[in-house]
Each structure stands twice: as C-alpha cells, then as structure tokens.
Amino acid sequence: SSSMAFSLCAFCSSSERIDPLFFDHSRRVGELIGSEGMELVYGGASCGLMGEVARYARRGGARVTGIIPEKLLPKSIAPQEVDELIITKDMASRKAEMERRADGFLVLPGGFGTLEEALEVMTLKQLGYHSKPIVFLNIRNFFSPLLDLFEGFYRERFAKEEYRRLYAVFTDSESLFTYLKSYVPEVLPQKW
C-alpha cells in the first residue's frame, strides 16, 4: 500500500576478507536506503557487506529486517543493526520470506549464496511469479563475467533476448536508486 515504505532486499557477501572498495559501495547503498526513506530486508548477518549495508541503512533511519536460518544464528552474532530479526528453519524458508517482504532486489558482490539468491528471483520473475525490479551493482566489473554468460544464453537461444529486461545493471548507486524509484513493472514474454 502507498503508506508502506519501499522495501529493498539486498543480496550480498558475508565475507570480511574482501577489498575495502566493496565496503565503500555497500556503505553508500545503506546511506541511500536511509535517505530515500526505504526499508531494508537482508540475510541478517552482521559480517561482510551484509552487515555494512544494514548498519548504514539503520544509521540513516531505515527500518531493517534481518532474516536468518537457525543454523547460521550462532555464527552470525545476531546484529545490533536490525529492528526485527526473523529466524527461519532453513535456507529455503529464509529466501521465501525475503522474497515475500521485498518490493525490489539489489544484488551486490558476493559468492555462491548471493548468486543463488539472485538467480532465484530472476527465474521467478521470468516465470511470472513477480514483477519486482532486480538490480545489480556492478562494482569494478565484478558481475561482468556473469553478464557475459547471460549474453551467451541469448546468443545461443537458451533464453529470449527480451529477458535482458528481467534485470538492470548499474556501476553507481545513485543511478541504481533513480531507476528503482521510477520502476514500472512491464509484461515480459511467456517462457514457452
């Protein structure tokens, strides 16, 4: 409803070992979530880019909801930076809960888990289960090999060219948020 803030779900790394550049961008994303009056839904960990986005979003006044499976709870040091922490029984129900609560999805650099979450929401959108925006923040060409693989899908006809519109790619946060604010769902072709 119009009274509810736009809820952005961020998928990103929980690693602390990555280049500080990625943390800088995540901080900026968090700040923008706050200044744009959005809410954040994320995977609930206090480490890595996940923790950084959450801390800065909350510092900026955003409501933050963390969703974490019970198995990861001891490791994650349930963060101080959430307004609400939802504990699920497994990874599948965690993702379902994140997807249900989100009005849009932001994919920041990450590893296998991040990629898996991104591909799931893209596949669901392709099949018509939702029409929410999906945006990649392509910091230092991190996602370029993946986007090249997607181009191969279109070239070799494993996916329709129109499915490029399932997602949008940005190299800076400001453009990304401008896109999110003006996003209008469009009807994509049927898969078959």
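Structure: above.
If you're wondering where the values come from, they're calculated on a predicted model, not measured in any experiment.

Q: So, the pattern of salt bridges: which residues are in play, and what are the values?
A: One pass over the structure, following the stated rule, counts 18 salt bridges. Between Lys95 and Glu120 there is a salt bridge whose closest N-O contact spans 2.6 Å. One end of the pair, Lys95, is in helix α4 (residues 91–101); the other, Glu120, is in helix α5 (residues 112–126), with 25 residues separating them in the sequence. Taken together, the shared-partner salt bridges in this structure form one network comprising Arg63, Glu84, Glu97, Arg100 and Arg101.

Q: An account of the nonpolar core is requested, with residue identities and associated values reported.
A: Within the largest apolar cluster, 30 residues are counted, with the highest numbers of intra-cluster contacts made by Val29, Ile33, Leu40, Leu106, Leu176 and Phe177. Only β1 (7–11), α1 (20–35), β2 (39–42), α2 (48–59), β6 (134–137), β7 (168–170) and α7 (173–181) provide two or more residues apiece to this core. With sequence-adjacent residues up to four places away left out, Val29 is seen in contact with Val53, Leu106, Leu108, Leu137, Ser173 and Phe177. Formed by 24 residues, the second largest nonpolar core is a distinct cluster that contains Ile67, Ala102, Val107 and Leu166.

Q: Tell me about the packing of α1 against α7, residues and numbers included.
A: Where α1 contacts α7, the axes come no closer than 10 Å and their chain directions differ by 35 degrees. Here α1 and α7 pass one another in a crossing that is right-handed. Mapping the contact onto sequence places His25, Arg28, Val29, Leu32 and Ile33 in α1 and Ser173, Glu174 and Phe177 in α7. Among the residues making up the contact of α1 with α7, the classes are represented as 4 nonpolar, 2 polar and 2 charged.

Q: Please give an account of α5 that cites residues and values.
A: Taking 1.5 Å per residue, 15 residues should reach 21 Å; α5 reaches 21 Å between its end C-alpha atoms and fits that length. If you check which residues of α5 are buried, you get Thr114, Glu117, Ala118, Val121, Met122, Lys125 and Gln126. At the exit of α5 stands Gly128, carrying a positive phi of roughly 85 degrees.

Q: Please provide a residue-by-residue account of the sheet that holds β1, values included.
A: Taking strand neighbours across the sheet as the criterion, the 7 strands line up as β4-β3-β2-β1-β5-β6-β7 in an open arrangement whose pairing is parallel. Where the open sheet ends on each side, the last strands, each with one partner, are β4 (84–88) and β7. Strand-to-strand, the axes of this sheet are offset by a mean angle of 25 degrees, without reference to chain direction. Judged from the 4 bridges that link them, β1 and strand β5 (residues 104–107) form a sheet pairing that is parallel. Among the inter-strand pairings, Leu8 is bridged to a residue of β5, identified as Gly104. Contacts between α7 and the sheet are confined to β1, β5, β6 and β7, with β6 contributing the most and set at about 175 degrees to the helix.

Q: An account of a nonpolar patch on the surface is requested, with residue identities and associated values reported.
A: A contiguous nonpolar surface patch, about 340 Å² in accessible area, is contributed by Leu149, Phe153 and Phe158. Here Leu149 shows up in helix α6 (residues 144–155).

Q: Can you explain the pairing of β5? Please cite residues and give values.
A: On β5, burial covers both faces: Gly104 and Leu106 on one face and Phe105 and Val107 on the other are all buried. Two elements, β5 and β6, share 3 bridges in a ladder whose sense is parallel. Looking across to β6, one finds that Phe105 is bridged to Ile134.

Q: Which residues make up unusual backbone geometry, and what are the values?
A: Backbone geometry places Arg140, a non-glycine residue, at a positive phi of 50 degrees. Among the structural elements, Arg140 can be located in the loop between β6 and α6. Using a relative accessible area of 51% as the deciding quantity, one classes Arg140 as exposed.

Q: Hey, could you go over the environment of Asp90 for me, with residue numbers and the actual values?
A: In this structure, Asp90 sits in the loop between β4 and α4. Judged by relative accessible area, Asp90 falls into the partly exposed class, the value being 28%. Only 2.5 Å separates the side chain of Asp90 from the side chain of Ser93, close enough to count as a polar contact.

Q: Could you give an account of the packing of α1 against α2, naming the residues involved and the relevant values?
A: Taken N-terminus to C-terminus, the directions of α1 and α2 make an angle of 35 degrees; their axes are 7 Å apart at the nearest point. Seen along the crossing, α1 lies across α2 with a hand that is right-handed. The residues of α2 that touch α1, namely those facing Phe22, Phe23, Ser26, Arg27, Val29, Gly30, Glu31, Ile33 and Gly34, are Gly48, Leu49, Glu52, Val53, Tyr56 and Ala57. Class assignment for the residues of the contact of α1 with α2 results in 8 nonpolar, 4 polar and 3 charged.

The rules behind the values
- Residues numbered from 1 in each chain as written.
- Predicted model: local features only at pLDDT ≥ 70, side-chain atom pairs only at ≥ 80, totals over all residues.
- Heavy atoms only, no water.
- Salt bridge = Lys/Arg side-chain N within 4 Å of Asp/Glu carboxyl O.
- Helix = DSSP H or I, 4+ residues; strand = E, 2+ residues; numbered from the N terminus.
- Core = buried A, V, L, I, M, F, W, Y, C linked by side-chain atoms within 4.5 Å.
- Buried < 20%, exposed > 50% of the residue type's maximum accessible area, 1.4 Å probe, protein only.
- Contact = heavy atoms within 4.5 Å.
- Axes fitted to C-alpha atoms, helices over the stretch in contact; angles between N-to-C directions.
- Left-handed = near helix turned anticlockwise from the far one by under 90°.
- Nonpolar A, V, L, I, M, F, W, Y, C, P; charged D, E, K, R; others polar.
- Expected span 1.5 Å × (residues − 1).
- Pairing = 2+ DSSP bridges.
- Patch = residues over 30% accessible without salt bridge, like charges linked within 9 Å, V, L, I, M, F, W, Y side chains within 5 Å.
- Areas by Shrake-Rupley, 256 points an atom, 1.4 Å probe, with all protein chains shown as cover.
- Polar contact = N/O pair within 3.5 Å; in protein donor to acceptor, adjacent residues only side chain to side chain.

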